[in-house]
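Spelled out, the chains give:
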Amino acid sequence: MSSTQKPFEIPTEMRDFAEKGVQNARTAFGTFLGSARKLAETVQSSTQTSQTGMGAAVARGFDYTEQHATATFDLAEKLVRSRDVKEALELQGEYMRNQMSALQNQAKEFATLSESIKADLTKTQAKA
């Protein structure tokens, strides 16, 4: 790049607009997830699954969805504020590493929960 060329910059107005869009999307998703969680809790309480491993798995699924959405919206906000492509790529790489780690931990927890669900089903079938 010659000394007379300026690096590519996103205009401030466009950054502000993008940040507001990310914030609005975050708020809308939070509202949606809250409604979905309430619906799941209502269904669980009416079917008595909230006391079982299945109820725990559903609750953790919502928790994980919220964690991933938060991480994604956080990334979007950081990307909007990034100064250049190099910074944006570094942010994306950090996000991917964190998400892969989170997914590994979540898979382990779901494996444990699935064993609990299996035990619950075995008990239920033994009573029948």
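Owing to the predicted nature of the structure, the values given are computational and were not obtained by experimental measurement.

Visitor: Could you clarify how one ought to interpret the overall build of the chain in this entry?
Guide: A tally of helices and strands in the chain yields three helices and zero strands. Across the chain, helices and strands are ordered from the amino to the carboxyl terminus as α-α-α. Going through the 128 residues of the chain one by one, you find that 20% of them count as buried.

Visitor: Is there a simple way to think about the packing of aromatic side chains in this case?
Guide: Each aromatic ring pair is characterised by the separation of its centres together with the angle its planes make. This structure, assessed with the given rule, holds three aromatic pairs. Relative to Phe 32, the ring of Phe 29 lies with its centre 6.1 Å away and its plane at 45°, an arrangement referred to as tilted. You can see Phe 29 and its partner Phe 32 sitting in helix H1 (residues 12-47), three residues apart, about one turn around the helix. With relative accessibility at 27%, the residue Phe 29 sits in the partly exposed group. Between Tyr 64 and Phe 110, the ring centres sit 5.4 Å apart and the planes meet at 80°, which makes this aromatic pair edge-to-face. One end of the pair, Tyr 64, is in helix H2 (residues 53-81); the other, Phe 110, is in helix H3 (residues 85-127), with 46 residues separating them in the sequence. A relative accessible area of 33% places Phe 110 in the partly exposed class. Here the aromatic residues Phe 29, Phe 32 and Phe 73 are joined through ring pairs into a cluster of three or more.

The rules we used
- Residues numbered from 1 in each chain as written.
- Predicted model: local features only at pLDDT ≥ 70, side-chain atom pairs only at ≥ 80, totals over all residues.
- Heavy atoms only, no water.
- Helix = DSSP H or I, 4+ residues; strand = E, 2+ residues; numbered from the N terminus.
- Buried < 20%, exposed > 50% of the residue type's maximum accessible area, 1.4 Å probe, protein only.
- Phe/Tyr/Trp six-rings, centres within 6.5 Å; stacked < 30°, edge-to-face > 60°.

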